[in-house]
Amino acid sequence: MTAVHVLVPVKALGLAKTRLAHALEPSTRSDLVIAMLIDTVSAVLGVPETVATVVTSDPVATEVAFAHGAQVLPDPAHRGESDPLNTALDLAARRIRAQSPGIDLVALQADLPALRSPELTTALTEARSFGTAIVVDHTGDGTSALFQCRPDRPLEPMFGIESARRHIRSGARALTDPLDGLRLDVDTLDDLEAAVRLGTGDATSRVLDRIGFLLPERAPGVRR
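In what follows, the accompanying structure is described. Remember, it's a predicted structure, so these values are computed and weren't measured experimentally. (Residues numbered from 1 in each chain as written. Predicted model: local features only at pLDDT ≥ 70, side-chain atom pairs only at ≥ 80, totals over all residues. Heavy atoms only, no water.)

1. Examining the overall build of the protein chain
Counting its regular elements, the protein chain contains 8 helices and 7 strands. By the compact-globule yardstick of 17 Å for 224 residues, the protein chain fits well, its C-alpha radius of gyration being 17 Å. Principal-axis analysis of the C-alpha atoms gives the protein chain an extent of 50 × 35 × 35 Å. When the 224 residues of the protein chain are sorted by exposure, 52% land in the buried category. A separation threshold of at least 6 residues defines the contact pool for the protein chain, and within that pool the share at least 24 residues apart is 63%. If you sum the accessible surface of the protein chain, you get close to 10,500 Å²; carbon and sulfur atoms cover 54% of it. If the 23 positive side-chain charges of the protein chain are averaged to one point and the 29 negative ones to another, these points end up 2 Å apart. (Helix = DSSP H or I, 4+ residues; strand = E, 2+ residues; numbered from the N terminus. Rg over C-alpha atoms; globule rule 2.2 N^0.38 Å. Buried < 20%, exposed > 50% of the residue type's maximum accessible area, 1.4 Å probe, protein only. Contact = heavy atoms within 4.5 Å. Areas by Shrake-Rupley, 256 points an atom, 1.4 Å probe, with all protein chains shown as cover. Lys, Arg positive; Asp, Glu negative; His and termini not counted. Charge placed at Lys NZ, Arg CZ, Asp CG, Glu CD.)

2. A look at helix 1 (residues 26–45)
The end-to-end C-alpha separation of helix 1 is 29 Å, in line with the 28 Å expected for 20 residues at 1.5 Å each. Most of helix 1 is tucked away, with 15 of its 20 residues classed as buried. (Expected span 1.5 Å × (residues − 1).)

3. Side note on the nonpolar core
One recurring pattern in soluble globular proteins: nonpolar side chains tend to sit buried together. Within the largest apolar cluster, 53 residues are counted, with the highest numbers of intra-cluster contacts made by Leu108, Phe147 and Leu182. Looking at this core element by element, the count peaks at 10 residues for helix 1. With near-sequence residues (within four places) excluded, Phe147 lies in contact with Leu105, Val106, Leu120, Ala123, Leu124, Ala127, Gly131, Thr132, Ala133, Val135 and Leu175. Formed by 18 residues, the second largest nonpolar core is a distinct cluster that contains Ala88, Ala92, Ala164 and Ala172. (Core = buried A, V, L, I, M, F, W, Y, C linked by side-chain atoms within 4.5 Å.)

4. Some remarks on the side chain of Ser144
Relative to the helices and strands, Ser144 is located in strand 6 (residues 143–148). A polar side-chain atom of Ser144 sits 2.8 Å from the main-chain carbonyl oxygen of Leu182. Each residue touching Ser144, except ones within four places of it in the same chain, is listed here: Ala107, Leu108, Gln109, Leu112, Val135, Asp137, Leu182 and Arg183. (Polar contact = N/O pair within 3.5 Å; in protein donor to acceptor, adjacent residues only side chain to side chain.)

5. Considerations on helix 7 (residues 189–198)
When helix 7 is considered as a whole, its buried residues turn out to be Asp191, Leu192, Glu193, Ala195 and Val196. Buried-residue contacts for helix 7 involve helix 1 and helix 8 (202–211). Just past helix 7, the residue Gly199 takes up positive phi, approximately 115 degrees.

In C-alpha cells form, the structure reads like this:
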C-alpha cells in the first residue's frame with residue numbers, strides 16, 4: 001500500500017536554470033535539468049511505499065518521468081499567472097488527496113542531484129512526528145521539501161521568495177537533521193559545485209562528465 005505521494009514540479013525546460021546561462025549553453029542546461037530530475041525521482045522511488053508524480057506540461061520532462069517510473073500530472077497554470085508553481089502543486093495535491101484521502105503528501109524540488117533515499121526517509125519519519133514540516137534549503141531562505149502528513153490538512157504550498165519563513169508562519173516545523181543532499185537544490189554554479197562535492201546521482205554525473213565540468217579546486221577523493 002502506498003503511504004506517501006511525492007509531487008515534483010518541473011517548469012518548461014526552456015525557462016529552467018537561467019542563473020546558469022553564463023556558464024552553460026541552453027541545450028546543456030536542459031540536459032542538466034532532466035538529469036537532476038532523474039536523480040531526484042530515483043531517490044524518491046528508493047523510499048518504500050512511495051509514489052513520485054512529476055507535475056509538468058513539458059513534453060520531454062513528461063517522457064522522462066514516465067520512463068523512470070514516475071507518474072505525471074499536467075501543469076494547469078496559465079501563462080502570466082502570478083503564482084504558477086504553488087497553483088500547480090495545490091491542484092495536484094487536491095487531486096491526489098481526493099483519490100487517496102489518508103496519504104502523506106510531499107512537495108519536492110526537482111533539482112536535488114545529491115539527494116539519497118535514506119535522507120528522504122529520515123526527513124519523512126521526522127515530519128510525521130510533527131504533522132506538517134519543511135526542509136529549509138541550503139540558503140536558509142527557501143524550501144526544498146514540504147511535508148503534509150496530516151490527512152485533515154491541505155498541502156498549502158508557499159514556494160518562492162522567503163518561502164521557509166512563510167511555511168513556518170503557517171505552522172510547518174523546520175526539520176533539524178543535516179539532510180545535506182535534500183537541502184541542496186541547484187540554481188547557481190556554486191550550488192552545482194557543492195552538489196558535486198557531496199556526490200551527484202548517476203544521471204547528473206554523466207552530464208557533468210560529458211561537458212567536462214570540473215571543480216575549481218578538486219579535493220582528493222571527491223566522488224562524481
